[in-house]
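Breakdown of the fold
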Amino acid sequence: MADSDVILLDLWISVFGARVRIALAEKGVKYEYREEKLDDKSPLLLEMNPVHKKIPVLIHHGKPVCESNIIVQYIDETWHANSPPLLPSDPYLRAQARFWADFVDKKIYEGAKKIWTTKGEEQEAAKKEFMDVLKVLEGQLGEKPYLVGESFGFADIAMIPFCIWFYTLNKIGNMNIEKECPKLAAWVKRCMERESVTKSLPDAHKFYELVLEMQKKKGQ
Amino acid sequence: MEKVKLFGTWSSPFVKRIVWALNLKNIEHEVIYEDLANKSPELLKYNPIHKKVPVLVHNEISICESLVILQYIDETWKNTCPLLPKDPLDRAKERFWARFGDEEVLPSFFGYVMKKGKDQEEAKETTLAHLKRIEQLLSEKKFLSGESFGFLDIAFGWLAEYSHPLEVVAGLKLLDEDSFPNLCAWKDRFLEIPAIKESWPDQETLIAKFQESKDGSGK
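Residues numbered from 1 in each chain as written. Chains lettered and ligands numbered in written order. Predicted model: local features only at pLDDT ≥ 70, side-chain atom pairs only at ≥ 80, totals over all residues. Heavy atoms only, no water.

**Here's the deal with the overall build of chain A**
The helix and strand tally for chain A stands at 11 helices and four strands. Taking 17 Å as the expected radius of gyration for a compact globule of 220 residues, we find that chain A reaches 17 Å, a close match to that expectation. C-alpha atoms of chain A, sized along the principal axes, occupy 50 × 45 × 30 Å. Here the analysis covers contacts within chain A between residues at least 6 apart in sequence; of these, 70% occur between residues at least 24 apart. Accessible area of chain A: about 10,400 Å², with a carbon and sulfur share of 52%. Charge centroids of chain A, computed over 32 positive and 33 negative side chains, lie 2 Å from each other. (Helix = DSSP H or I, 4+ residues; strand = E, 2+ residues; numbered from the N terminus. Rg over C-alpha atoms; globule rule 2.2 N^0.38 Å. Contact = heavy atoms within 4.5 Å. Areas by Shrake-Rupley, 256 points an atom, 1.4 Å probe, with all protein chains shown as cover. Lys, Arg positive; Asp, Glu negative; His and termini not counted. Charge placed at Lys NZ, Arg CZ, Asp CG, Glu CD.)

Pasting the structure below:
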């Protein structure tokens, strides 16, 4: 398949974009990467995602697919002949994978952001809430190598990009996520053994610098 | 013999969509009605993470989150009345709009109904903008899922079944035929589907329930 058949509109620093990059890499799909500027969105992005005007957007044969978790499922279903499967074949395990990907969507992003956008008591409350969420994931992992069973898949792809935020959270929130969630830390290490993951994730230190910049701009 | 239990409330739009899916696929099931102010130990056992309804329990395994449950039902009982289309792009589109419905349209519609004064005016504008998008989706289509109803119609079914009681409580008709001819036609079509029609909730009781929520919210 020619490169121009698959285009990814993305932002390298985005955790949501990283999900899609990981999925494409897992399936060995060649694509054209286009970096967007959030303050100067391309006409193509606005045309392909008129509802949310956000990245990532996967454009396949000229047709857009939006929302990172939806894009990952699309990639799995379209390139189903390419291994590995990103979702299990059993309906119950598929439901589990979707549940946990949805859990990450609902709880991680906003929960983490609260930590670097608040101070004092509000920040302490945000930290506690976020650690409670991570402990739920820790519980879900249990003795399993991955979030839903024995293989790396959809739920892991949904969560793993957020691991680059741990450095920022630990520094700004004065936390030690790896110490409090050893199973999660081990799972991160395990996922990082995959080339698809290491090649797709933005740099954790760069993200920290970005957050510091944002805080400075807001006078925090 | 498959044992299927659904934990829910009689008025939740999220529970309703599961009832519809089970009816459409002729899946025998038992509904266990929960009092959300006093959740049963069983519900908490089957949904320890979110502690919410609906929860589907199939042969003792539990599935939570309505859109996840719908896909589980579709993939498990795949030989009757398929809900999601086969084509990956069509599936992605339906998932996108279902998510948009749940994250934007439903909260703004319900929020608009429950608010008062200036807040209500603002919520009204957002809701109308969202409804215009759905209206557009229905141009040249009988159902949101295409020629025949499917996953996306079920995901938006709350709009068909709840819009009237919500409008009564809000004191304003949002879904009028002049502004939303496609949506109104879709609503009538959707409500005529036998499996949907047979579980039509009592409108007066729904109105009373929403009115109670609005009065109790103190906004």
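**Some details on helix α8 (residues 181-192) of chain B**
Residues and elements named next belong to chain B. The end-to-end C-alpha distance of α8 is 17 Å, a good match for the 16 Å that 12 residues give at a rise of 1.5 Å each. Taken together, the buried positions of α8 are L183, C184, W186, K187, F190 and L191. One side of α8 carries all its buried residues, which in axial view fall inside an arc of 160°. If you follow the buried residues of α8, they end up packed against α1 (13-24), α5 (117-137), α6 (151-155), α7 (157-170) and α9 (194-197). (Expected span 1.5 Å × (residues − 1). Buried < 20%, exposed > 50% of the residue type's maximum accessible area, 1.4 Å probe, protein only. Arc of directions from axis to C-beta.)

**Thoughts on the nonpolar core**
Counting 153 residues, the largest nonpolar core has L58, L134, M159, L169 and W187 of chain A together with L56 and W186 of chain B as its most contacted members. Of the residues forming this core, the biggest block, 13 residues, is contributed by helix α4 (residues 88-114) of chain B. Setting aside chain neighbours within four positions, we find W187 of chain A in contact with L141, P145, Y146, L147, D156, M159 and I160 of chain A. (Core = buried A, V, L, I, M, F, W, Y, C linked by side-chain atoms within 4.5 Å.)

**With respect to the interface of chain B and chain A**
Residue-level contacts link 23 residues of chain B with 28 residues of chain A. Between chain B and chain A, a total of about 2,200 Å² is buried, with carbon and sulfur atoms accounting for 66% of that surface. It is L89, F96 and R99 of chain B that lose the most area in chain B upon contact with chain A, and together they represent 24% of the buried surface on that side. The interface formed by chain B and chain A includes seven salt bridges. Two residues, R99 of chain B and D105 of chain A, come together in a salt bridge whose shortest N-O distance is 3.0 Å. Secondary structure elements with two or more residues in the side of chain B that touches chain A: β4 (61-64), α3 (66-76) and α4 of chain B. (Buried area = accessible area lost by both parts, 1.4 Å probe. Salt bridge = Lys/Arg side-chain N within 4 Å of Asp/Glu carboxyl O.)

**Looking at the packing of α3 of chain B against α4 of chain B**
Residue and element names in this part refer to chain B. Where α3 meets α4, the closest approach of the two axes is 11 Å, and the angle between their N-to-C directions is 150°. Taken together, the axes of α3 and α4 are roughly antiparallel relative to one another. Across from S66, L67, Q71 and E75 in α3, the residues of α4 making contact are R91, R95, A98, R99 and D102. Among the residues making up the contact of α3 with α4, the classes are represented as two nonpolar, two polar and five charged. (Axes fitted to C-alpha atoms, helices over the stretch in contact; angles between N-to-C directions. Parallel < 35°, antiparallel > 145°, perpendicular 65-115°, else oblique. Nonpolar A, V, L, I, M, F, W, Y, C, P; charged D, E, K, R; others polar.)

**Things to note about the sheet that holds strand β3 (residues 57-60) of chain A**
Residues and elements named next belong to chain A. In spatial order, the strands read β2-β1-β3-β4; together these four strands make up an open sheet with mixed pairing. Strands at the two margins of the open sheet, each flanked by one partner only, are β2 (32-35) and β4 (63-66). Strand-to-strand twist across the sheet, computed as the mean angle between neighbouring axes with direction ignored, equals 20°. Pairing geometry for strand β1 (residues 6-10) and β2, over four bridges, is parallel. By the bridge assignment, I7 is partnered in β2 with E32. (Pairing = 2+ DSSP bridges.)

**Let's talk about the sheet that holds strand β2 (residues 30-33) of chain B**
Residues and elements named next belong to chain B. Strand order in the open sheet made by the four strands is β2-β1-β3-β4, with mixed pairing throughout. Every interior strand has two partners, whereas the edge strands, β2 and β4, have only one. Within the sheet, the average angular offset between the axes of one strand and its neighbour, ignoring direction, is 20°. Direction of pairing for strand β3 (residues 55-58) relative to β4: antiparallel, over a ladder of four bridges. Looking at the pairing, V55 lines up with C64 of β4. Against the sheet, α1 makes contact with β1 (4-8) and β3, and its axis sits at roughly 155° relative to β1, the strand it touches most.

**Some points on the pattern of salt bridges**
Overall, the coordinates contain 27 salt bridges over all chains when judged by the stated rule. Between E124 of chain A and K127 of chain A there is a salt bridge, and its shortest N-O distance comes to 3.2 Å. Of this pair, E124 of chain A and K127 of chain A are both found in helix α5 (residues 120-141), three residues apart, which corresponds to roughly one turn of the helix. Residue D74 of chain B pairs with K25 of chain B through a salt bridge whose shortest N-O separation is 2.9 Å. Here the residue D74 of chain B occupies a position in helix α3, and K25 of chain B occupies one in the loop between α1 and β2, the gap between them amounting to 49 residues. For the pair D74 of chain B and K25 of chain B, a shared accessibility class is recorded, and that class is buried. Among the charged side chains, a salt-bridge network with shared partners connects R19, E67 and D105 of chain A together with R99 and E103 of chain B.

**Re the packing of aromatic side chains**
Residues and elements named next belong to chain A. All chains considered together, the criterion is met by 25 aromatic pairs over all chains. With a centroid separation of 5.7 Å and an interplanar angle of 75°, the aromatic rings of W12 and Y33 are classed as edge-to-face. Remark: Y33 occurs in strand β2 and W12 occurs in the loop between β1 and α1 (15-26); sequence separation between them is 21 residues. Judged by relative accessible area, W12 falls into the partly exposed class, the value being 33%. (Phe/Tyr/Trp six-rings, centres within 6.5 Å; stacked < 30°, edge-to-face > 60°.)

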